[in-house]
Amino acid sequence: MSRRLKALALATSLAIPAEGLYLAAYRDPVGIPTICFGATRGVQMGDRKTREECEALLDADMQAAIDQVERCVPGLPVGPLAAFADAVYNVGPRIACSTSESAAARLLKAGRIADACNQLPLWNKARVAGFLVPLPGLTKRREAERQVCLSS
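Residues numbered from 1 in each chain as written. Predicted model: local features only at pLDDT ≥ 70, side-chain atom pairs only at ≥ 80, totals over all residues. Heavy atoms only, no water.

1. Points about the overall build of the protein chain
Reasoning step 1: Helix and strand content of the protein chain: 7 helices and 4 strands.
Reasoning step 2: Relative to the 2.2 N^0.38 estimate, which gives 15 Å for 152 residues, the radius of gyration of the protein chain is 15 Å and therefore close to what a compact globule would have.
Reasoning step 3: With the principal axes as the frame, the protein chain shows a C-alpha extent of 45 × 40 × 20 Å.
Reasoning step 4: Scored against the burial criterion, the 152 residues of the protein chain give a buried share of 41%.
Reasoning step 5: Look at the contacts in the protein chain between residues 6 or more apart in sequence, and 52% of them connect residues 24 or more apart.
Reasoning step 6: Here the protein chain holds 19 positive side-chain charges and 15 negative ones, and the gap between their average locations is 6 Å. (Helix = DSSP H or I, 4+ residues; strand = E, 2+ residues; numbered from the N terminus. Rg over C-alpha atoms; globule rule 2.2 N^0.38 Å. Buried < 20%, exposed > 50% of the residue type's maximum accessible area, 1.4 Å probe, protein only. Contact = heavy atoms within 4.5 Å. Lys, Arg positive; Asp, Glu negative; His and termini not counted. Charge placed at Lys NZ, Arg CZ, Asp CG, Glu CD.)

2. Topic: the packing of aromatic side chains
Reasoning step 1: Under the defined criterion, the tally for this structure stands at 1 aromatic pair.
Reasoning step 2: Relative to tyrosine 26, the ring of tyrosine 22 has its centre 4.5 Å away and its plane inclined at 45°; by these criteria the two rings are tilted.
Reasoning step 3: The class of tyrosine 22 is partly exposed, set by a relative accessible area of 40%. (Phe/Tyr/Trp six-rings, centres within 6.5 Å; stacked < 30°, edge-to-face > 60°.)

3. Let's talk about the side chain of aspartate 86
Reasoning step 1: Structurally, aspartate 86 is set in helix α3 (residues 78-91).
Reasoning step 2: Residues within four places of aspartate 86 in sequence aside, it is in contact with Ala11, Leu14, Ala15, Met62, Arg141 and Glu145.

4. Some points on helix α2 (residues 51-72)
Helical geometry: 3.6 residues make up each α-helical turn, so side chains three or four residues apart lie on a common side.
Reasoning step 1: Here α2 is 22 residues long and its end C-alpha atoms lie 32 Å apart, about the 32 Å a rise of 1.5 Å per residue gives.
Reasoning step 2: Along α2, the residues classified as buried are Cys54, Leu58, Asp61, Met62, Ala65, Ile66, Val69, Glu70 and Cys72. (Expected span 1.5 Å × (residues − 1).)

5. A word on α3
Reasoning step 1: Here α3 spans 20 Å end to end across 14 residues, near enough to the 20 Å set by a 1.5 Å rise per residue.
Reasoning step 2: Among the 14 residues of α3, 11 are classified as buried, and the element is accordingly described as predominantly covered.
Reasoning step 3: Within the sequence span of α3, burial applies to Gly79, Pro80, Leu81, Ala82, Ala83, Phe84, Ala85, Asp86, Ala87, Val88 and Tyr89.
Reasoning step 4: Next to the buried residues of α3 lie α1 (3-19), α2, α4 (94-97), α5 (103-109), α6 (113-117) and α7 (136-150).
Reasoning step 5: Looking one or two places after α3, you find glycine 92, whose phi comes out positive at around 100°.

6. Looking at the packing of α2 against α3
Reasoning step 1: Direction vectors running N to C along α2 and α3 enclose 115°, while the axes themselves pass 8 Å from each other. It follows that α2 is roughly perpendicular to α3 by the angle criterion. Relative to α3, the crossing made by α2 is right-handed. On α3, the residues touching Leu58, Asp61, Met62, Ala65, Ile66, Gln68, Val69 and Glu70 of α2 are Leu81, Phe84, Ala85, Asp86, Val88 and Tyr89. (Axes fitted to C-alpha atoms, helices over the stretch in contact; angles between N-to-C directions. Parallel < 35°, antiparallel > 145°, perpendicular 65-115°, else oblique. Left-handed = near helix turned anticlockwise from the far one by under 90°.)

Here you go:
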């Protein structure tokens, strides 16, 4: 199995329990219309999907997240690639790619992978009612990503 396929399997194994499966659109904790395993792109309230559609959507979106991480930091080992792909899937590319906004991105670019992995738990906050607050689900997810990240 290729490095990218291993990373895809690991990253989706992080996303599935963190996101859960919702066949009907709902609003996430910050109010964004969401469906399936955390998909948000183009989702409208009232949308419905089958489990098969959700699995295909997760695979495609996670592959896109892996591609994004690879463009920003080529050649990462499987664990860090999977962990940062899941983080990109969840919070967007800034975490792995924006050296002006993310210490993790700066550390990845500098080749300090373990230090970058240890930055993941800091990305556990979301804006709720105008305030940036830690969310228990994000705290748990970022720790799971950190563990996977440090495993390679």
